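# Chains, contacts and geometry: an overview
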Amino acid sequence: MSPQVHNLQELRRSASLATKVFIQRDYSDGTICQFQTKFPPELDSRIERQLFEETVKTLNGFYAEAEKIGGSSYLEGCLACATAYFIFLCMETHYEKVLKKISRYIQEQNEKIFAPRGLLLTDPVERGMRVIEISIYEDRCSSGSSSGGGGGAGAR
Amino acid sequence: MNRMRNPPAFGRRRVFSSCPYLAVKITPAIPAVAGILFFFVMGTLLRTSFSDPGVLPRATPDEAADLERQIDIANGTSSGGYRPPPRTKEVIINGQTVKLKYCFTCKIFRPPRASHCSLCDNCVERFDHHCPWVGNCVGKRNYRFFYMFILSLSFLTVFIFAFVLTHVILRSQQTGFLNALKDSPASVLEAVVCFFSVWSIVGLSGFHTYLISSNQTTNEDIKGSWSNKRGKENYNPYSYGNIFTNCCVALCGPISPSLIDRRGYIQPDTPQPAAPSNSITMYGATQSQSDMCDQDQCIQSTKFVLQAAATPLLQSEPSLTSDELHLPGKPGLGTPCASLTLGPPTPPASMPNLAEAALADMMPRKDEHMGHQFLTPDEAPSPPRLLAAGSPLAHSRTMHVLGLASQDSLHEDSVRGLVKLSSV
């Protein structure tokens, strides 16, 4: 594994997509959005278990925060109802704010941790909150024979 | 004193006499309040109709392939003839065992409380019911609007009913009952409509109030999923314990943003051949096909189809075609096909999937059957899902193809490609 930090564009250009791993949802707490922290075997040689679990747990924490029911969410709901939901033309919901935080976090994680290991996390919101998609890239061999679908992974 | 002020026209005075009469006789607040309630009702109705109920987008081809692989591994590789059990997963939520079903149309395991609506042809989170009056499913994201709609509508109908009666009574005190009815014939109609509406709408509001306070969906209540009749230990794992919290969460809880892009243009999907169960490398190799342009993909995938048609596949034709014929009617099948211009893909909504439940039962059998027929390594490398459209094509049953194609956007390219080829 190269010690240098690849930036994401470089990763896509120089590597080709080998496979994708999907982290499914964990419904044991009900319908709230949580992902399984079980470590997938395909990532065994690519990333440390600890780092992976930490990432997933942080994401779970963010989603729990987004869906948290309490005083502030009730207030937002009642205010929205009172203004006939026009208030959402001016401000965004708490959930949307947290989703933005999540995408920033994922971007950061990709740059710092996953890209150097030839992995790419896709934001679950792009997959309908069903899965966390982790694309595994392999370095292209020097003959450059493969046509490399590097950019294809995130866009699907 | 009975006469209306400035009656604009004879007809109008006769018909809409309640409002001016009551405004003059009692207070102008009455039509004002009715107007406010009416606008509130219309607002909530439109909001319920036009908001996304919580549709779950369909799985991408990669996800679907991965799930299929995992299911095959879980079931063990089976030899031909043995049908694997239906695809369900069990999960324990708050001490209750809940079964998650696999949706064959959306190719996902449905989250708890989600259900596939056959009219909308989508899986919807926290599916309550599909309301024909509103023209939309009622699910997680628009349940509160629906509830506010029926609640405000019940207030409105009770209000109108009460004041129509008041109007008729006041008039009949002056001119006698029959004359009062003759003077305002609309009142009779209004009273009758309101009377029946009150019973139905108020009843519905009461029912939904009960559902909200116990945190159940209509679906669960009808099936009796959490009723005590099923067993003493059966309780609702989603309930928060007290009525107040349940109501607050349902009505004032956070709304998740929509997961679907309702304004985007449909992109033709690149048909991903499903990976054979065992090797990941094969899967990786077929990825390179995704880089081909659409035209090539059409031709490539239709080549698969035609190759498959030439293989022993044809032996199983009779059973497959009989399966095709038994597929639930799709009464609209004839007309859309006749008028179908094969440019833009037909949106699923235009094909009423009226018997989706039956279809969902048929599909597993068909898929498994075909899966076992064709996923032997020596067969032509035909993707089973394309074959779902492929085998009828072998008989040039384009009608069935088009019917199936519209269910799964993966098929669209192959259909278009094949029709281009056949038209040459």
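What you see is a predicted model; the values in this text were computed from it and never measured. (Residues numbered from 1 in each chain as written. Chains lettered and ligands numbered in written order. Predicted model: local features only at pLDDT ≥ 70, side-chain atom pairs only at ≥ 80, totals over all residues. Heavy atoms only, no water.)

This next bit is on the overall build of chain B. The helix and strand inventory of chain B stands at 17 helices and eight strands. Expressed as a percentage of its 424 residues, the buried residues of chain B come to 47%. Relative to all contacts within chain B whose residues are 6 or more apart in sequence, the contacts with residues 24 or more apart total 65%. For chain B, the computed accessible surface area is about 21,800 Å², with 63% contributed by carbon and sulfur atoms. (Helix = DSSP H or I, 4+ residues; strand = E, 2+ residues; numbered from the N terminus. Buried < 20%, exposed > 50% of the residue type's maximum accessible area, 1.4 Å probe, protein only. Contact = heavy atoms within 4.5 Å. Areas by Shrake-Rupley, 256 points an atom, 1.4 Å probe, with all protein chains shown as cover.)

Residue and element names in this part refer to chain B. When the UniProt feature table is mapped onto this chain, "transmembrane region" (unreviewed entry) is found at residues 21-46, 145-170 and 191-211. When the span residues 21-46 is considered, its composition is 88% helix and 0% strand, and the gap between its end C-alpha atoms is 31 Å. Structurally, residues 191-211 is divided into 100% helix and 0% strand, and its ends, taken at the C-alpha atoms, are 30 Å apart. (UniProt positions renumbered as here; feature names shortened; annotations may be inferred.)

Right, let's get into the sheet that holds strand 2 (residues 88-93) of chain B. The strands making up a sheet are joined through hydrogen bonds of the backbone, oriented either antiparallel or parallel. All names here are of chain B. A sheet is described by the order of its strands in space; here three strands give the open sequence 2-3-4, paired in antiparallel fashion. The open sheet terminates on both sides in strands that have one partner only, identified here as strand 2 and strand 4 (108-109). Where strand 2 meets strand 3 (residues 96-103), six bridges bridge the pair, whose relative direction is antiparallel. Each residue of the ladder has a partner; that of valine 91, found in strand 3, is valine 98. (Pairing = 2+ DSSP bridges.)

Listed as interface residues are 36 residues of chain A and, on the opposing side, 42 residues of chain B. Taken together, the two surfaces of chain A and chain B that pack against each other cover about 3,000 Å², and 62% of this comes from carbon and sulfur. Where chain A packs against chain B, one counts two salt bridges. Here arginine 130 of chain A makes a salt bridge to glutamate 63 of chain B, at a shortest N to O gap of 2.8 Å. When contributions to the side of chain A that touches chain B are tallied by element, the ones reaching two or more residues are strand 1 (15-24), helix 3 (71-82) and helix 4 (94-114) of chain A. In terms of residues, the side of chain A that touches chain B owes the most to one element, strand 1 of chain A, which gives six residues. Residue composition of the side of chain A that touches chain B, grouped by class: 15 nonpolar, 12 polar and nine charged. (Buried area = accessible area lost by both parts, 1.4 Å probe. Salt bridge = Lys/Arg side-chain N within 4 Å of Asp/Glu carboxyl O. Nonpolar A, V, L, I, M, F, W, Y, C, P; charged D, E, K, R; others polar.)

This part is about the packing of aromatic side chains. All names here are of chain B. Enumeration according to the criterion identifies 13 aromatic pairs over all chains in this entry. Where tryptophan 226 meets tyrosine 238, the ring centres are 5.8 Å apart and the plane angle is 75°; that geometry is what we call edge-to-face. In this pair, tryptophan 226 is assigned in the loop between helix 8 (218-223) and helix 9 (243-252) and tyrosine 238 in the loop between helix 8 and helix 9, connecting sequence segments 12 residues apart. Accessibility classification places tryptophan 226 together with tyrosine 238 in one group, the buried group. Following the ring pairs from residue to residue traces out a cluster consisting of Phe161, Phe195, Phe196 and Trp199. Between the NZ or CZ atom of lysine 89 and the centre of the ring of phenylalanine 109, over which it lies, the distance is 4.6 Å. (Phe/Tyr/Trp six-rings, centres within 6.5 Å; stacked < 30°, edge-to-face > 60°. Lys NZ or Arg CZ within 6 Å of the ring centre and 35° of its normal.)

Judged by nonpolar contacts, the single largest core of 35 residues is most densely connected at Leu43, Ile47, Phe52, Tyr63, Ile102 and Ile134 of chain A. Of all the secondary structure elements, the ones that give two or more residues to this core are strand 1, helix 2 (49-66), helix 4, strand 2 (119-122) and strand 3 (131-139) of chain A. Of all the elements, helix 4 of chain A adds the most residues to this core, at eight residues. Core analysis: the second largest hydrophobic core is formed by 23 residues, Ala34, Val138, Tyr143 and Ala250 of chain B among them. (Core = buried A, V, L, I, M, F, W, Y, C linked by side-chain atoms within 4.5 Å.)

Let us now look at the confidence of the model for chain A. Residue and element names in this part refer to chain A. Residues at a pLDDT of 70 or more form 80% of chain A, whose mean pLDDT is 82. Residue range residues 1-5 is modelled with pLDDT below 50. Its contacts to residues more than four positions away, or to other chains, number six contacts. Segment residues 142-156: pLDDT under 50, and 30 contacts once partners within four positions in sequence are set aside and those in other chains are kept. (pLDDT = per-residue confidence, 0-100.)

The next subject is helix 4 (residues 61-75) of chain B. The end-to-end C-alpha distance of helix 4 of chain B, which contains 15 residues, comes to 21 Å, matching closely the 21 Å that a straight helix rising 1.5 Å per residue would cover. For helix 4 of chain B, the set of buried residues is Pro61, Asp62, Glu63, Ala64, Ala65, Asp66, Leu67, Arg69 and Ile71 of chain B. (Expected span 1.5 Å × (residues − 1).)

Another aspect to go through is the environment of histidine 167 of chain B. All names here are of chain B. Secondary-structure assignment places histidine 167 in helix 5 (residues 143-175). Look at histidine 167 and you get buried, because its relative accessible area is 0%. The contact partners of histidine 167, leaving out residues within four places of it in the chain, are Ser17, Ser18, Tyr21, Leu22, Ser184 and Ser187. Separated by 3.4 Å, the side chains of histidine 167 and serine 187 make a polar contact. (Polar contact = N/O pair within 3.5 Å; in protein donor to acceptor, adjacent residues only side chain to side chain.)

Before going further, it helps to spend a moment on the state of the cysteines. Counted by the stated rule, this structure contains zero disulfides over all chains. Looking at cysteine 81 of chain A, it has no disulfide partner, and the nearest cysteine sulfur is the one in cysteine 78 of chain A, 7.2 Å off. Cysteine cysteine 120 of chain B shares no disulfide, and the gap to the nearest cysteine sulfur, in cysteine 137 of chain B, comes to 3.3 Å. (Disulfide = S-S within 2.5 Å.)

Turning to the sheet that holds strand 1 (residues 55-56) of chain B, a few remarks are in order. All names here are of chain B. Ordered by their spatial adjacency, three strands build an open sheet running 1-6-5, and the pairing between neighbours is antiparallel. Both edges of this open sheet fall to strand 1 and strand 5 (115-117), since each of them pairs with a single strand only. The sheet contact formed by strand 1 and strand 6 (residues 122-124) spans two bridges and is antiparallel. Looking across to strand 6, one finds that valine 55 is bridged to valine 124.

What follows is about a positive patch on the surface. Residues and elements named next belong to chain B. Together, Lys99, Lys101, Lys223 and Arg230 give the surface a local cluster of positive charge. Relative to the helices and strands, lysine 99 resides in strand 3. Overall, lysine 99 belongs to the exposed group, its relative accessible area being 51%. (Patch = residues over 30% accessible without salt bridge, like charges linked within 9 Å, V, L, I, M, F, W, Y side chains within 5 Å. Lys, Arg positive; Asp, Glu negative; His and termini not counted. Charge placed at Lys NZ, Arg CZ, Asp CG, Glu CD.)

What follows deals with the confidence of the model for chain B. Detail in the predicted coordinates should be disregarded across regions flagged by low pLDDT. All names here are of chain B. Across chain B, the average pLDDT comes to 71, with 57% of residues at 70 or higher. Every residue in residues 7-12 is under pLDDT 50, and counting partners more than four places away or in other chains gives one contact. A low-confidence stretch, residues 274-292 stays under pLDDT 50, and its non-local contacts, those more than four residues away or across chains, total 31 contacts. As a predicted assembly, this complex carries a pTM of 0.66 together with an ipTM value of 0.81.

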